[in-house]
Amino acid sequence: MKKLFQKILVKVFKKVIKKAESNNDVVLPEVVDDPVEPVEGEPGGDSKKALWKFLLQTLISILTAILTALGATSCMGIH
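Now for a quick tour of the structure. Computed from a predicted structure; not experimentally measured.

Conventions used here
- Residues numbered from 1 in each chain as written.
- Predicted model: local features only at pLDDT ≥ 70, side-chain atom pairs only at ≥ 80, totals over all residues.
- Heavy atoms only, no water.
- Helix = DSSP H or I, 4+ residues; strand = E, 2+ residues; numbered from the N terminus.
- Buried < 20%, exposed > 50% of the residue type's maximum accessible area, 1.4 Å probe, protein only.
- Patch = residues over 30% accessible without salt bridge, like charges linked within 9 Å, V, L, I, M, F, W, Y side chains within 5 Å.
- Areas by Shrake-Rupley, 256 points an atom, 1.4 Å probe, with all protein chains shown as cover.
- Salt bridge = Lys/Arg side-chain N within 4 Å of Asp/Glu carboxyl O.
- Lys, Arg positive; Asp, Glu negative; His and termini not counted.
- Charge placed at Lys NZ, Arg CZ, Asp CG, Glu CD.

What follows deals with the overall build of the protein. Along its length, the protein carries 2 helices and 0 strands. Buried residues in the protein amount to 3% of all 79 residues.

What follows deals with a nonpolar patch on the surface. Taken together, the side chains of Leu56, Leu59, Ile60, Ile62, Leu63, Ile66, Leu67 and Leu70 make up a nonpolar region of the molecular surface, amounting to roughly 780 Å² of accessible area. Tracing the chain through its elements places Ile60 in helix α2 (residues 48–75). Judged by its relative accessible area of 46%, Ile60 falls in the partly exposed class.

Taken together, Lys3, Lys7, Lys11 and Lys15 make up a surface patch of like positive charges. Relative to the elements of secondary structure, Lys7 occurs in helix α1 (residues 2–22). Among the residues examined, Lys7 registers a relative accessible area of 58% and is labelled exposed.

What is shown is where atoms sit, not what they do.
This is the structure we're talking about:
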């Protein structure tokens, strides 16, 4: 029974490998030379509003991390 199972596995793997070797068609997407302009209001743009939005979000994230760390240590019972 063990040899029969091994023969079946070998046949299946050989078929899979042959199929994988025969499907080597690679289609590369065309490269567009036009640069993409940033959308107004996006962080990649040059607007002051986007800069302030980024700075505010970063500050909020930092404060949230600090407060989370303080809250986690206060729950541990370490004095």
